[in-house]
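# Examining the three-dimensional arrangement
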Amino acid sequence: GKEIPGQASLVFDVVLLDLHNPKDGIAIENQLVPESCERRSQTGDFLRYHYNGTLLDGTLFDSSYSRNRTYDTYVGKGYVIAGMDEGLLGVCTGEKRRIIIPPHLGYGEEGRGKIPGSAVLVFDIHVVDFHNPSDSVGITVNYKPSNCTVLSKKGDYLKYHYNASLLDGTLLDSTHSLGKTYNIVLGSGQVVVGMDMGLQDMCVGERRTVVIPPHLGYGEDGVEGEVPGSAVLVFDIELLELVSGLPEGYMFVWNGEVSPNLFEEIDQNHDGEVLLEEFSEYIQTQVDTGKGKLAPGFDFEKIVKNMFTNQDRDGNGKVTAEEFKLKDQEAKEEHDEL
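For the structure given in this document, a descriptive report is provided here.

Rules behind the numbers
- Residues numbered from 1 in each chain as written.
- Predicted model: local features only at pLDDT ≥ 70, side-chain atom pairs only at ≥ 80, totals over all residues.
- Heavy atoms only, no water.
- Patch = residues over 30% accessible without salt bridge, like charges linked within 9 Å, V, L, I, M, F, W, Y side chains within 5 Å.
- Areas by Shrake-Rupley, 256 points an atom, 1.4 Å probe, with all protein chains shown as cover.
- Salt bridge = Lys/Arg side-chain N within 4 Å of Asp/Glu carboxyl O.
- Helix = DSSP H or I, 4+ residues; strand = E, 2+ residues; numbered from the N terminus.
- Buried < 20%, exposed > 50% of the residue type's maximum accessible area, 1.4 Å probe, protein only.
- Disulfide = S-S within 2.5 Å.
- Phe/Tyr/Trp six-rings, centres within 6.5 Å; stacked < 30°, edge-to-face > 60°.
- Axes fitted to C-alpha atoms, helices over the stretch in contact; angles between N-to-C directions.
- Parallel < 35°, antiparallel > 145°, perpendicular 65-115°, else oblique.
- Left-handed = near helix turned anticlockwise from the far one by under 90°.
- Contact = heavy atoms within 4.5 Å.
- Nonpolar A, V, L, I, M, F, W, Y, C, P; charged D, E, K, R; others polar.

## With respect to a nonpolar patch on the surface
- Taken together, the side chains of Ile4, Leu10, Phe12 and Val14 present a nonpolar region at the surface, about 470 Å² in accessible area.
- Mapped onto the elements, Ile4 comes out in the segment before strand 1 (27-32).

Listed below in structure tokens is the structure:
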């Protein structure tokens, strides 16, 4: 044509950017594999990882580190490009690997954004953690006292120390740094479901590690500024104190025989009506003298007010002898009163 004369010798200065064969699969280079690898990722797992994405010549096109958050996805399910979907299978938590992806398993002939068409992609990944939606809480007992007969159960009041971290060891929180224990009523919804499960059947002095998947922890949202979304949590726990709770549905029980003249004892001014103040004073006396027991870990005033309200059938702020019945006299009804 007009630009290249006939019979001309041509000189091309070439820089090879990349090459691949349509038959190529992905290539994996292991850079760091943790010594302890109890489990490897498989199809259906939800994985959180960091990555740097480059072309074969080293040109950076994307990085999760620059966004200061992991990339989170199910693996083996087609949520990411085919090469990455395959390359994320069989990894350990904490593993670092390089995944080289040919274009037919990446973004193809058209490319995407900063990625040219038909480009070979290189991803250097660091696996932060992964879990499966079917996972339950993992419990490892690190120490159990020789005398371990009283075990924690729903309704018990527990005092414990904990260190909370991510699977990569990043410390999130610790009661030791605060200088005080964490106190809850087990099974009352005061902690995440996974922690309620992890604290079951412990004895005082026991130490255990509880691993909580996000669907039993803080979920996809996490806690802003504290817990990343979809994070697996690790709690190292030591149970320091256990106060046995009451049977389910009860906020107060008698430790001995119940007085046959109970209403008269509460109604100290003998006017045939019991006010909240009289009721509260009476319950406090029974607890102080050991004749009765309140559910541990709850606010005294709230419990007593709830008990009083259950007795006050007409809601007029007074309990009469007619309204007053013992719980065991009401087999067909459910009340948390005396």
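## Brief notes about unusual backbone geometry
- The phi angle at Gln7 is positive, at roughly 60 degrees, despite the residue not being glycine.
- Looking at where Gln7 falls in the secondary structure, it is placed in the segment before strand 1.
- Classification of Gln7 as exposed rests on a relative accessible area of 84%.

## As for the state of the cysteines
- Enumeration according to the criterion identifies two disulfides in this entry.
- Linked covalently through their sulfurs, Cys37 and Cys92 form a disulfide whose S-S length is 1.8 Å. Between Cys37 and Cys92 the sulfur-sulfur dihedral comes to about -95 degrees; the bridge is accordingly left-handed. With Cys37 in the loop between strand 1 and strand 2 (46-55) and Cys92 in the loop between helix 1 (82-87) and strand 5 (96-101), this residue pair connects regions lying 55 residues apart in the sequence.
- With a sulfur-sulfur separation of 2.1 Å, Cys148 is cross-linked through a disulfide to Cys203. Disulfide Cys148 to Cys203: torsion about the S-S bond roughly -105 degrees, handedness left-handed. Taken together, the positions of Cys148 in the loop between strand 7 (138-143) and strand 8 (157-166) and Cys203 in the loop between helix 3 (193-198) and strand 11 (207-212) put the pair 55 residues apart, joining distant regions of the chain. You'll find Cys148 and Cys203 in the same group, each marked buried.
- Looking at the protein, its bonded cysteines, counted consecutively from the start of the sequence, adopt the pairing 1-2, 3-4.

## So, the packing of aromatic side chains
- Overall, the coordinates contain 13 aromatic pairs when judged by the stated rule.
- Measuring from centroid to centroid gives 6.2 Å for Tyr160 and Tyr162, while their planes differ by 45 degrees, and the two rings are tilted. Here Tyr160 matches Tyr162 in class, with each residue buried.
- With 5.2 Å between their ring centres and 85 degrees between their planes, Phe252 and Trp254 make a pair best called edge-to-face. Just as Phe252 is buried, Trp254 falls in that class too.
- The rings of Tyr49, Tyr51, Phe61, Tyr71 and Phe123 are connected pair by pair, giving a single aromatic cluster.

## Focus on the packing of helix 5 (residues 276-288) against helix 6 (residues 300-311)
- Look at helix 5 against helix 6: their axes get within 10 Å of each other, and the N-to-C directions meet at 120 degrees. Looking at the two axes, helix 5 sits oblique to helix 6. Here the hand of the crossing between helix 5 and helix 6 comes out right-handed. Contact residues: Leu276, Phe279, Ser280, Ile283 and Gln284 in helix 5; Phe300, Val304, Lys305, Met307 and Phe308 in helix 6.
- A breakdown of the residues in the contact of helix 5 with helix 6 according to their chemical character gives seven nonpolar, two polar and one charged.

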